[in-house]
Amino acid sequence: MFKITKKQKLGPEMVLMEINAPQVTKHVQPGQFIILRVNEKGERIPLTVADFDSEKRRVTIVFQKVGKTTYLLGSIPEGGSILDVTGPLGTPSEISKFGTVVCVGGGVGVAPIYPIVKKLKSEGNEVISIIGYRSKNYVFWEEKIKNVSDKLLIATNDGTYGEKGFVTDILIKLLESNIKIDRVITIGPAIMMKAVSDITKLKKIKTIASLNALMVCGMGMCGTCRLTIGGETKLSCSDGPEFDAHLVDFNELMERLNVYKEEEKYAFEKWKTEAKI
Amino acid sequence: MSIIKEQIPMKEQLPQERKKNFYEVPLGYTKEEAILEATRCLQCPTHPCIDGCPVHIDIPGFIKAIKEDNLSLSIEIMHDTNLLPAITGRVCPQEEQCQVVCVMGKVGDPVAIGKLERYIADWELENRSRGNINIPKKKESKNKKIAIVGSGPAGLTCAVNLIKMGYEVTIFEGFHELGGVLTYGIPEFRLPKKIVKEEIEFLNKLGVKFNLDFPIGRSETISDLFKDGYSAVFIGTGAGAPQFMHIPGENLGGIYSANEYLTRVNLMKAYKFPDYDTPIKVGKRVAVIGGGNVAMDSARTALRLGAEHVFLIYRRSRTEMPAREEEIIHAEEEGIEFMLLTNPIRYIGNENGLVKQVECIKMKLGEEDASGRRRPIPIESSEFLIDIEQAIVAIGTTPNPIISKTTQDLKTGRHGEILVDENGQTSVKGAFAGGDIVTGAATVITAMGAGGLAASSINRYLSGELK
Ligand SMILES: Cc1cc2nc3c(=O)[nH]c(=O)nc-3n(C[C@H](O)[C@H](O)[C@H](O)COP(=O)(O)OP(=O)(O)OC[C@H]3O[C@@H](n4cnc5c(N)ncnc54)[C@H](O)[C@@H]3O)c2cc1C
Ligand SMILES: Cc1cc2nc3c(=O)[nH]c(=O)nc-3n(C[C@H](O)[C@H](O)[C@H](O)COP(=O)(O)OP(=O)(O)OC[C@H]3O[C@@H](n4cnc5c(N)ncnc54)[C@H](O)[C@@H]3O)c2cc1C
């Protein structure tokens, strides 16, 4: 059992949890994730490590409640516990001194971009962070990201905070300003990462995307998360989750994310009725 | 007394019933049946069966004890060389090992060694459930810790042997459950999970410690284990990485690796969705690619989940199928539709990215290849389409690379298998390996044999006999 040492609401449907997970913190690095299983009947779901405290041996996850498992997880109070936590999984982000790096995080993707920004900065990069949310009340971790970035730009879809529009609108403007950008890193919904990738491809700027394919084992054993990267089949759990965005078949990723749509909906509706939500 | 030429059959669930449930298919021998079958053993002095067995079970010995109705002696003889007989009795390919060389086989059916093995093991499990559990005495504590990585048959066997010698043993398992393929691969109807759990409970009673959710190479590395005070490490991480054919359309929705399919069903209990949360697609028409045990298990699982047609697509003929004969027969009886000498060449999807057809080509057999089997050759212009809603690719697995990628100086072979010497020792001092991670996908009994060998090598290594 893994104890939830802290729980915090970050916005509508957005929850932060700090979990006591000693076997994860020894080697965890930015870009890696954990897989957790809430209870005996639960599924295994991947969540990125958004922050960690190696001394207290705790990891922070930030998740958006979108279906049965994330709602169930969100219903556990601080002090409660989770049956299984495995990790750290995945290949850590490749981080060295690249020069100027733009980090683009959207929605829940803002959380996992944080440890990457932090490490990029500590390696001596100039880091420009672009973060985007649906609306003002969804904004979280603005200060936290700002503190480790050289520059922070914010967008909300409805313009209630920061610039009106998408992160990609800000990215386009930034690219037009003709500063030299050595690398772009993006985490967020697949459709957003695809948009970012399409833009940087034209400018030939190396871009890394952290892919959120469906997973079961997380250790390279089942092949659930396989994707076509540059014409080759790769496992996002062990070869990734970060890949060269310009080689990713985003349409395939999006189609594969939808394979269980009906089952997910059914399970969620059933749970809502039973839990009387 | 005249010799009974035919094997005493074991009762089974009827095909029409069993294909709708996940209960075990063969139901076990009664005492009378077991004794009768045991009398068929000639007790021949040459005992080729013992040599045919990868772990050299004293087969005539345990069978004689059954015949004399001395079951505690029988299980004792069994446990000398094989600690998991309830498992091997059910899944060993006896027809290629002990039974193929049985002298009785020259005049009639070979003795049903596997069925008798299962009988004696089930008798003991039942005794255990009544509280009559015989915990073997441990030797005096050696005050040395050993780490076992992976809890499949190789790891479990290595662990039992070492703890009996007086070592402190901790198993590290990446998944949330123990047992390796026995738990997440082989389905309930062939190997009830209750049996695997009981065998693991036995290890627990012996004092083996378990660390679940603990992938080595990620949570800790092999060198961390040595730093943490483990004197030796055994790596039994299996051949868990799925292979694909790399043909067009293979990443469409509804196409599974057998590992994914079976893991969802066996480990995550997707067959109980939505009571359990992990979903699985239930197709009316399912194609399974391959001809081994894994393919049979996938095909029969698909049937039990509700498929109306399960096509088993295999590129060679029935004779070359690597699956156990019993599984092939069971699959045929249950109505799996074998499409032999056929190979898929591409998948076709619908507008939502879900598979709707597989295109296949007919094959013929040519010359023998390196494996001694005749090489399949495509027949020109013989392509045809099959409508399917799902496909399960069961064409083999390769060793999982997580440990070799994260362990310096660990030598591996061409397919990523860990290289060991005749004692199971790897190129890293104090690290031993065995089972599928060394041989590539093989069998439960060879993995157990390798785990046992490594245990005695570790003992020799720690007592200074082995450098
Ligand atoms: C490596 C990795 C890291 C991840 N990190 C995070 C994280 O830090 N925070 C977070 O909130 N989520 C993260 N995810 C996604 C998270 O795993 C899913 O949101 C979760 O599994 C949904 O489970 P559910 O049962 O609540 O919803 P489901 O019932 O499974 O799904 C509900 C809805 O969410 C969509 N959905 C399901 N899975 C995903 C997915 N993997 N990506 C995008 N949409 C999905 C479905 O299409 C559906 O519309 C990550 C995924 C991966 C692969
Ligand atoms: C579907 C199926 C049916 C089969 N049927 C038969 C049969 O009928 N008869 C037969 O004899 N054989 C059969 N086999 C083959 C047999 O199961 C294997 O040969 C045997 O299980 C190998 O044992 P092992 O201990 O080497 O590895 P495994 O059983 O594969 O166990 C390895 C364990 O290590 C864990 N692991 C992997 N990496 C790590 C890591 N980095 N850290 C910690 N833990 C890790 C895995 O999660 C797993 O639990 C079948 C295999 C499959 C898949």
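All of these numbers come straight from a predicted model, not from anything done at the bench.

### A word on the overall build of chain A
Counting its regular elements, chain A contains 8 helices and 17 strands. For 277 residues, the compact-globule formula gives about 19 Å, and the C-alpha radius of gyration of chain A, at 18 Å, lands near that figure. Counting only C-alpha atoms and orienting by the principal axes, one finds that chain A spans roughly 55 × 40 × 40 Å. Summarising the internal contacts of chain A: among those between residues at least 6 apart in sequence, 65% fall at separations of at least 24. Entry remark: accessible area of chain A is about 11500 Å², with carbon and sulfur atoms responsible for 50%.

### Concerning the interface of chain B and chain A
At the interface, 47 residues of chain B touch 46 residues of chain A. For the pair chain B and chain A, the summed buried surface comes to about 3800 Å²; carbon and sulfur atoms form 51% of the total. Taken as a group, R218, N251 and D277 of chain B account for 20% of the area that chain B buries against chain A, more than any other trio of residues on that side. For the pair chain B and chain A, the number of links is 5 salt bridges. Between K41 of chain A and D275 of chain B there is a salt bridge, with its nearest N and O atoms 3.0 Å apart. The tally of links from chain B across to chain A stands at 23 residue pairs in polar contact (both at pLDDT 80 or more). Mapped onto the side of chain B that touches chain A, the elements with two or more residues apiece are β5 (241–242), β6 (255–257), α12 (258–267) and α15 (402–406) of chain B. Here the side of chain B that touches chain A takes 4 residues from α12 of chain B, the largest share from any one element. When the residues that make up the side of chain B that touches chain A are grouped by side-chain class, the tally is 18 nonpolar, 16 polar and 13 charged.

### Description of the side chain of K68 of chain A
If you trace the backbone, K68 of chain A turns up in helix α2 (residues 68–74). The exposure class of K68 of chain A is buried, given its relative accessible area of 17%. There is a polar contact of 2.6 Å between the side chain of K68 of chain A and the side chain of D277 of chain B. Leave out the neighbours within four places in its chain, and K68 of chain A touches A267, F268 and W271 of chain A together with P274 and D277 of chain B.

### Describing the site of ligand 2
Of all residues adjacent to ligand 2, which total 36 residues, the nearest are V91, E173, R190, I216 and D436 of chain B. Near ligand 2, the surrounding residues are drawn from chains A and B. Within the contact set of ligand 2, an oxygen atom lies 2.9 Å away from a side-chain nitrogen or oxygen of R190 of chain B. When the free accessible area of ligand 2 is taken as 1000 Å², the share hidden by the protein chains comes to 96%. At the level of secondary structure, the elements contributing two or more residues to the shell around ligand 2 comprise α8 (153–164), α13 (293–305) and α17 (444–462) of chain B.

### A closer look at α17 of chain B
All names here are of chain B. If you check α17, its first and last C-alpha atoms are 27 Å apart, about what 19 residues at 1.5 Å a residue would give, namely 27 Å. Buried within α17 we find V444, I445, A447, M448, G451, G452, A454, A455, S457, I458, Y461 and L462. Immediately beyond the C-terminal end of α17, within one or two residues, lies G464, with a positive phi of roughly 85°.

### Observations concerning the sheet that holds strand β8 (residues 309–313) of chain B
Residue and element names in this part refer to chain B. Strand order across the open sheet formed by 5 strands is β6-β14-β7-β8-β9, with parallel pairing between neighbours. Two strands lie at the open edges of the sheet, namely β6 and β9 (337–339), each paired on one side alone. Across this sheet, the average inter-strand angle for adjacent strands is 20°, counted without regard to direction. One ladder, built from 5 bridges, connects strand β7 (residues 285–289) with β8; its direction is parallel. Among the inter-strand pairings, A287 is bridged to a residue of β8, identified as F311. With respect to the sheet, α13 is in contact with β7, β8, β9 and β14 (390–393), its orientation differing from that of β8 by roughly 170°.

### Description of the packing of aromatic side chains
Summed over the entire model, instances satisfying the criterion amount to 14 aromatic pairs over all chains. Look at F432 of chain B and Y461 of chain B: their rings are 5.7 Å apart centre to centre, the planes differ by 65°, and that puts the pair in the edge-to-face class. Of this pair, F432 of chain B sits in strand β16 (residues 431–433) while Y461 of chain B is found in helix α17, placing the two residues 29 residues apart along the sequence. Linked through ring pairs, Y114, Y133, F140 and W141 of chain A together constitute an aromatic cluster. Above the face of the W141 of chain A ring, K144 of chain A is positioned so that its terminal group lies 4.4 Å from the ring centre. The ring of F202 of chain B carries the charged tip of R128 of chain B above its face, separated from the ring centre by 4.6 Å.

### Let's talk about unusual backbone geometry
A cis amide bond links G87 of chain A with the next residue in sequence, P88 of chain A, at an omega value of 0°. Within the secondary structure, P88 of chain A is located in strand β8 (residues 84–89). Each neighbour pair has its own omega, and for F273 of chain B with P274 of chain B the value is 5°, a cis peptide bond. Among the structural elements, P274 of chain B can be located in the loop between α12 and β7. Non-glycine residue Q43 of chain B carries a positive phi angle of around 55°. Its location among the elements puts Q43 of chain B in the loop between α2 (31–39) and α3 (48–52).

### Focus: the domain arrangement of chain A
All names here are of chain A. Each domain of chain A was delimited in the assignment, giving domain 1 (2–89), domain 2 (93–207) and domain 3 (211–277). Each of domain 2 and domain 3 has a C-alpha centre, and these two points are 23 Å apart. At the interface, 14 residues of domain 2 touch 12 residues of domain 3. Contact between domain 2 and domain 3 buries roughly 990 Å² in total, counting both sides, with carbon and sulfur atoms accounting for 63%. The largest share of the area that domain 2 buries against domain 3 comes from A190, K194 and T207, three residues that together contribute 41% of it. Where domain 2 touches domain 3, the interface holds 0 salt bridges. In this structure, the connection of domain 2 to domain 3 is made through 6 residue pairs in polar contact (both at pLDDT 80 or more). Each residue belonging to the side of domain 2 that touches domain 3 can be placed in one class, and the counts come to 5 nonpolar, 5 polar and 4 charged.

### Thoughts on helix α7 (residues 113–129) of chain B
Residues and elements named next belong to chain B. Between its terminal C-alpha atoms α7 stretches 24 Å, which fits the 24 Å expected from 17 residues at 1.5 Å a residue. Burial runs high along α7: 12 of the 17 residues are buried. Those residues of α7 not exposed but buried are I113, G114, L116, E117, R118, Y119, I120, A121, E124, L125, N127 and R128. Phi turns positive one or two residues past the end of α7, at G131, with a value near 90°.

### Some details on the nonpolar core
Counting residues in each nonpolar core, the largest one holds 73 residues, and the members touching the most others are I59, F62, I63, I66, L162 and I458 of chain B. Formed by 46 residues, the second largest nonpolar core is a distinct cluster that contains A155 and F243 of chain A together with F175 and L267 of chain B.

### Quick notes on the site of ligand 1
Residue and element names in this part refer to chain A. Around ligand 1 lies a shell of 22 residues, among which P46, T48, Q64, T70 and N212 are the nearest. A distance of 3.1 Å separates an oxygen atom of ligand 1 from a polar side-chain atom of E43. Here an oxygen atom of ligand 1 sits 3.3 Å away from a polar atom, N or O, in the side chain of E264. Within the complex, 84% of the 870 Å² of free accessible area of ligand 1 lies under protein. Per-element accounting of the shell around ligand 1 gives the leading share, 4 residues, to strand β4 (residues 45–48). Partitioning the shell around ligand 1 into residue classes produces 12 nonpolar, 6 polar and 4 charged. Taken domain by domain, the shell around ligand 1 gets at least three of its residues from each of domain 1 (2–89) and domain 3 (211–277).

About the cut-offs
Residues numbered from 1 in each chain as written. Chains lettered and ligands numbered in written order. Predicted model: local features only at pLDDT ≥ 70, side-chain atom pairs only at ≥ 80, totals over all residues. Heavy atoms only, no water. Helix = DSSP H or I, 4+ residues; strand = E, 2+ residues; numbered from the N terminus. Rg over C-alpha atoms; globule rule 2.2 N^0.38 Å. Contact = heavy atoms within 4.5 Å. Areas by Shrake-Rupley, 256 points an atom, 1.4 Å probe, with all protein chains shown as cover. Buried area = accessible area lost by both parts, 1.4 Å probe. Salt bridge = Lys/Arg side-chain N within 4 Å of Asp/Glu carboxyl O. Polar contact = N/O pair within 3.5 Å; in protein donor to acceptor, adjacent residues only side chain to side chain. Nonpolar A, V, L, I, M, F, W, Y, C, P; charged D, E, K, R; others polar. Buried < 20%, exposed > 50% of the residue type's maximum accessible area, 1.4 Å probe, protein only. Near = heavy atom within 4 Å. Expected span 1.5 Å × (residues − 1). Pairing = 2+ DSSP bridges. Axes fitted to C-alpha atoms, helices over the stretch in contact; angles between N-to-C directions. Phe/Tyr/Trp six-rings, centres within 6.5 Å; stacked < 30°, edge-to-face > 60°. Lys NZ or Arg CZ within 6 Å of the ring centre and 35° of its normal. Domains from an automatic or database assignment. Core = buried A, V, L, I, M, F, W, Y, C linked by side-chain atoms within 4.5 Å.

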